[in-house]
Structures are given as structure tokens and as C-alpha cells.
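Each chain is listed here by its residues.
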Amino acid sequence: MVLDAPGKPLRSAELEVPEPGPGQVLIEVAACGVCRTDLHIFDGELPHPKLPLVLGHEIVGRVAALGKNATGFAIGDRVGVPWLGGTDGTCRYCREGRENLCDNPRFTGYHIDGGYAGYAAADASFVFKLPEAYSDAEAAPLLCAGLIGYRSLKLAIAPPGGEVSRLGIYGFGAAAHIVAQVAKSQGREVYAFTRPGDRPAQNFARSLGAVWAAGSDEPPSQALDAAIIFAPFGALVPAALNAVRKGGVVVCGGIHMSDIPSFPYEILWEERVLRSVANLTREDAREFLALVPEVPVATRVSTIPLDAANEALDRLRQGELTGAAVLIP
Ligand SMILES: [Zn+2]
Ligand SMILES: [Zn+2]
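Keep in mind that what you see is a predicted model, and the values were worked out from it rather than measured.

Where helix α4 (residues 145–157) contacts helix α8 (residues 282–291), the axes come no closer than 10 Å and their chain directions differ by 100°. It follows that α4 is roughly perpendicular to α8 by the angle criterion. Here Gly-146, Leu-147, Tyr-150, Arg-151 and Lys-154 of α4 lie close against α8, whose contacting residues are Asp-284, Ala-285, Glu-287, Phe-288 and Leu-291. Grouping the constituent residues of the contact of α4 with α8 by class yields five nonpolar, one polar and four charged.

So, in C-alpha cells, the structure goes:
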């Protein structure tokens, strides 16, 4: 499914199977998750995508061919490909172990053709083996919703925010449904904020262990220690700052957000922290993929045929999906 230009529906096309270049593996795609970032690229909210482009950065498949010097995998291995598809390895951020902030990154399904396809080629050093307990479709949302969600959680509970026993999550979609399970397994209480009146999402959150679930227009029953915002709405930033206690941390987990309305300094005052999360490191991926079968995280997926990718994007936009949408070629 090809994106010719932002705003135009994806077009079904027969493309050549990619040749794996040096250091790359060719993957026969078995499943590819649909992420909100795909929608931002589709809508032209992220600048300069490769065009034409194959979207998709939650790829699960099997190694079908190895390029020259590609190591670590054998033909037939099941692998996953995340958003971070390559770095320069030399900029100050890479040298400091913060490759998520690389000055010259390459992202899957943005600069590199992704997984809304039968085959995809990926740099073998940015590809991961997946825990066996998950089916192909169930594993797909781990690769972005899970990974970025996990990094968001790590930053929400990091110093200097202090002990986090009450964690708010704004936007209860694919990322939240995974993070809520990890947070609960760590002994934290999860407070879920959904679109106002979205009872199915609130019930879904409760079914995953949230102690409280309501619309984002309602204040939580208790002050929160930290909050993660996954929904791309800037108006949630002041709402979340209002909901956290002194010294609490608010993490924006998305790659794009509508403008944040102005707010009085007093809701940031008292050492509240507002920060964003960008991308992932390979270390995040290794940690998270080892952690999920231990929790264990159960992913909820709706499988959709690849040729219905436009409908999948539309359903994500409308908030009609419970859990994660996964395309099956
Ligand atoms: Zn770099
Ligand atoms: Zn994503």
C-alpha cells in the first residue's frame, strides 16, 4: 500500500521485492501494526517523508534473505522492526548513548519503506528477535506502541519526580493498554483518561487494571504523581499539569500534538516537570522485549487485511479501535 502524497488515500500497488542492501535483511512481512505516527505522516503533519512511501513501523515477519555482511540472523528467523531504522553512530547524541536523538536518524515507514507491504528490507542491527509467546499480530504493537510507551513510562518514573504510585494516562489506545499492564505489574495505580463519554475505552482501561477511568475533562479522584499523555491534543497538557502533585512529571509520548494552549505559571510551579519523549534506543527495545513475557503483557489487537489499510487509518482517526490495529498482508 503506497502513499504517493500526504492526504491522498494509500494506493494498492505491485512493487518489486526489495533487494537487501549491505547489512540489511529482507523480511517477509506477517503483520504490521498501525500507529498514530502513520496517521501524522499520512496527514502531512511530519515534514519531508520519502515519497512515494510504504508506511508502517511495527513490522513482524521472517527473514527471507540476507544482504552482504548482515549478521545476527538466519533465514526463517522471526524478527520485528521498530521506528528507529538507522543512525549515523557518530553524532554527539549517538556517542552519548542517546541514539533516539541522533542528528541523522532514519525512521522506518518514513525515510525507509515500511511494513504495509508483503516484504520489507531493514538494517539488521536495528532488528530484534521477538518473544515466542506472542503471535505475529500480537507482537506487532509491542514494536512502537509498547516501546515508546515503555520509554514514556521510564521517564515518568525517573528522578527527580519522586516515588510514582499514582500514574495518569491520557488517551487509552494501543500504547496505553500496554503501559498500563507494565505499570500495574510494578505496583502502581493507573488512572485512565479517555475522550469524554468514551465508555468502551474506560471499561477497557478498567479491564486492564486501571483503578479509575473517566473522561479527560474530569479531574482524577486523587492527585497524580506522574502522567503520560498519548493523545495528540495539546489541551491535555495543562489538564495533566493540574492533575499532578508538587514535583510531579508530565510526559508527552507522541511525535506530534496540536498547539498547547497558554496556561498560568502556577500549574507548572512547585517543580512540576513537563517533557517529551522522542523515538527509542535499541537498549529500550532489548529491555522491553525481555520484560513483556515476564509481566506478562497481553496485547489486544484487531487484525485488518492489508488492502483495507485506508479503513484502518480512518478507524484509528475516529477513535473506533480498542487496543491496536494490525494489518495482515
Ligand atoms: Zn547520531
Ligand atoms: Zn509508532
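The structure having been displayed, the exposition proceeds.
Attention shifts here to the pairing of strand β14 (residues 301–305). Sheet analysis places β14 next to strand β15 (residues 324–328), joined by five bridges and oriented parallel. What sits directly across from Pro-305, in β15, is Ile-328. Traced from β14 through helix α9 (residues 309–318) to β15, the parallel crossover comes out right-handed.

Let us look at the coordination of the zinc ion (ligand 1). Taken together, the protein ligands of the zinc ion (ligand 1) are Asp-88 (OD), Cys-91 (SG), Cys-94 (SG) and Cys-102 (SG), with distances of 2.0 to 2.3 Å. Given four donor atoms and angles of 96 to 118° at the metal, the environment of the zinc ion (ligand 1) is assigned as tetrahedral. The sequence pattern describing where the donors of the zinc ion (ligand 1) fall on their chain is D-x2-C-x2-C-x7-C. Among the residues examined, Cys-94 registers a relative accessible area of 15% and is labelled buried.

With that settled, consider the side chain of Asp-284. Following the sequence through the fold, Asp-284 ends up in helix α8. A distance of 2.9 Å separates the side chain of Asp-284 from the side chain of Arg-151, its partner in a polar contact. When residues no more than four places from it in sequence are discounted, the contact partners of Asp-284 are Leu-147, Tyr-150, Arg-151 and Lys-154.

Cut-off values and rules
Residues numbered from 1 in each chain as written. Chains lettered and ligands numbered in written order. Predicted model: local features only at pLDDT ≥ 70, side-chain atom pairs only at ≥ 80, totals over all residues. Heavy atoms only, no water. Axes fitted to C-alpha atoms, helices over the stretch in contact; angles between N-to-C directions. Helix = DSSP H or I, 4+ residues; strand = E, 2+ residues; numbered from the N terminus. Parallel < 35°, antiparallel > 145°, perpendicular 65-115°, else oblique. Contact = heavy atoms within 4.5 Å. Nonpolar A, V, L, I, M, F, W, Y, C, P; charged D, E, K, R; others polar. Pairing = 2+ DSSP bridges. Right-handed = clockwise from strand over helix to strand, strands pointing away. Donors = N, O, S within 2.8 Å, 3.2 Å for Na, K, Ca; no water. Tetrahedral: all angles 85-135°; square planar, octahedral: opposite > 155°, others 65-115°. Buried < 20%, exposed > 50% of the residue type's maximum accessible area, 1.4 Å probe, protein only. Polar contact = N/O pair within 3.5 Å; in protein donor to acceptor, adjacent residues only side chain to side chain.

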